[in-house]
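Commentary on secondary and tertiary structure
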Amino acid sequence: MIAKYISGSTWAIGGMALTSTQFIRLTANIPDRWGSIWNTLPFLYRSWEVEITLKIYGSDAEHSGEGMAFWYVDDSTRRGRAFGFPDVFRGLGVFVDTSADTFIDTNHKHPFISALVNNGSIQYLHDALGTHSQLGGENSGCYAPLFGQEEVSRILVRYAAYTLSIFVAVGGSDRWSLCMKSEGVILPRGYHFAISASTGSKTREVHEVISVKAFALGPLIENARFENEQVVISASETSPPRFYTYVIKRPFDFVQPALLIFLPIVLISFMLTFAFVRFADKMSVRSKRLF
């Protein structure tokens, strides 16, 4: 990933992100775009919280998508399929999925906020199963009407006492609403904060970051790298994998069983017709020889 460092700060941008004096635009209202911003310095505190002020909007609400994500990861410089970041990672991902899954049977509306704690062994499947192995169980996460708000919205991610909490304040509100809370979360120190966003091949929306504020809730730890060697990234409560239990909704599901029935019949008919034609040709040649 090609990085461009923001003058006078420890932040860098990548992808199609653009900076201004008022905001950082991660993606424009154009399909197939991605952008990111990340802090080049590791965060060396055990407990922390990050407040993100943002706006998500577009010219066509019917074709909006795909969304953005907050990251606390070991490597923030790689590009991937999860809102512009790798879908396999080590650390924490908090996802704001703005695209309604038309092919998946879900029980929530969008934009939908969920989280995933990953030790490098789980793939975040955004396009198919956005809440696969999500933190907090199947009923975790929340709907947050962030799209199209005239005023800015805020998301607060807090990690303290091995508990991850996410709060949301929508459309200029000063009141925080609890989105989700999960205990038993173990994350290392010394990882990097990052934010990324992407649009789909046929979907589009604008993702803007107005401000990012990080607060330490505990003492500074200098030997974070040594300590991280002893830390096993994990979470006590996650939703189970759903490789075989999700329901795919397609408008022409009846075509598949029909093909299974009629395709063998067509093939057999073709083979019989071909054999009959060959037999008729041989009989015709034999008749000519006799006369």
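The rules we used
- Residues numbered from 1 in each chain as written.
- Predicted model: local features only at pLDDT ≥ 70, side-chain atom pairs only at ≥ 80, totals over all residues.
- Heavy atoms only, no water.
- UniProt positions renumbered as here; feature names shortened; annotations may be inferred.
- Pairing = 2+ DSSP bridges.
- Helix = DSSP H or I, 4+ residues; strand = E, 2+ residues; numbered from the N terminus.
- Buried < 20%, exposed > 50% of the residue type's maximum accessible area, 1.4 Å probe, protein only.
- Core = buried A, V, L, I, M, F, W, Y, C linked by side-chain atoms within 4.5 Å.
- Contact = heavy atoms within 4.5 Å.
- Disulfide = S-S within 2.5 Å.
- Phe/Tyr/Trp six-rings, centres within 6.5 Å; stacked < 30°, edge-to-face > 60°.
- Lys NZ or Arg CZ within 6 Å of the ring centre and 35° of its normal.

An unreviewed UniProt entry lists the protein chain under the name L-type lectin-like domain-containing protein, from Toxocara canis. UniProt, in the comment section headed Subcellular location (unreviewed entry), describes the protein chain in these words: "Membrane".

As a further point, take the sheet that holds strand β11 (residues 153-160). With antiparallel pairing, the seven strands of this open sheet are ordered in space as β3-β4-β16-β6-β11-β12-β13. The open sheet is flanked by β3 (18-19) and β13 (177-183), the only strands paired with a single partner. Judged from the three bridges that link them, strand β4 (residues 24-27) and strand β16 (residues 206-216) form a sheet pairing that is antiparallel. In the strand pairing of β16, I24 is matched with V209.

Another point: the pairing of strand β5 (residues 34-39). Consecutive side chains of a regular strand alternate in pointing toward one face of the sheet and then the other. Within β5, six of the six residues are buried, which leaves it mostly tucked inside the rest of the structure. Here β5 shows two buried faces, one formed by W34, S36 and W38 and the other by G35, I37 and N39. The pairing of strand β2 (residues 11-15) with β5 spans five bridges and is antiparallel. Each bridged residue has a counterpart across the sheet, and for G14 the counterpart in β5 is S36. In this structure, β5 lies alongside strand β15 (residues 192-198), joined through five bridges in antiparallel fashion. By the bridge assignment for β15, W38 is matched with A194.

So, about the nonpolar core. Formed by 41 residues in total, the largest nonpolar core has its most connected members in L26, W48, M68, F70, L92, I113 and L187. Sorting elements by how many residues they give to this core places strand β6 (residues 48-57) first, with five residues. For L26, the residues in contact, after removing those within four places along its chain, are M16, A17, W34, G35, S36, I37, M68, I195, S196, A197, H207 and V209. Of all hydrophobic cores here, the second largest spans 13 residues; its members include W71, V73, F83 and Y124.

A word on the environment of P31. By secondary structure assignment, the location of P31 is in the loop between β4 and β5. Along the sequence, P31 and G65 sit 34 residues apart, while their C-alpha atoms lie 8.8 Å from each other. If we skip the residues at most four places from it in the chain, P31 touches T199, G200, S201, K202, T203 and R204.

Another point: the state of the cysteines. The full count for this structure, using the stated rule, is one disulfide. Put simply, C142 and C179 are joined by a disulfide, and their sulfur atoms are 2.1 Å apart. Judged by the sign of its S-S torsion, about -105°, the cystine formed by C142 and C179 is left-handed. In this pair, C142 is assigned in strand β10 (residues 142-143) and C179 in strand β13, connecting sequence segments 37 residues apart. Residue classification places C142 among the buried positions, given a relative accessible area of 15%.

Scanning the model with the defined rule gives 15 aromatic pairs in all. Seen in terms of ring centroids, F43 and F193 are 4.9 Å apart; in terms of plane orientation they differ by 50°. Their pairing is tilted. Placement of F43 in the loop between β5 and β6 and of F193 in strand β15 is noted, with a sequence separation of 150 residues between them. Neither residue differs from the other here; F43 and F193 are each classed as buried. Measuring from centroid to centroid gives 5.5 Å for W71 and F95, while their planes differ by 80°, and the two rings are edge-to-face. Separated by 24 residues along the polypeptide, W71 in strand β7 (residues 67-73) and F95 in strand β8 (residues 90-97) bring together distant segments of the chain. Among the residues examined, W71 registers a relative accessible area of 0% and is labelled buried. A cation sits over an aromatic face here: K55 above Y57, 5.6 Å from the ring centre. Sitting above the plane of the Y143 ring, K109 keeps its charged end 4.5 Å from the centroid.

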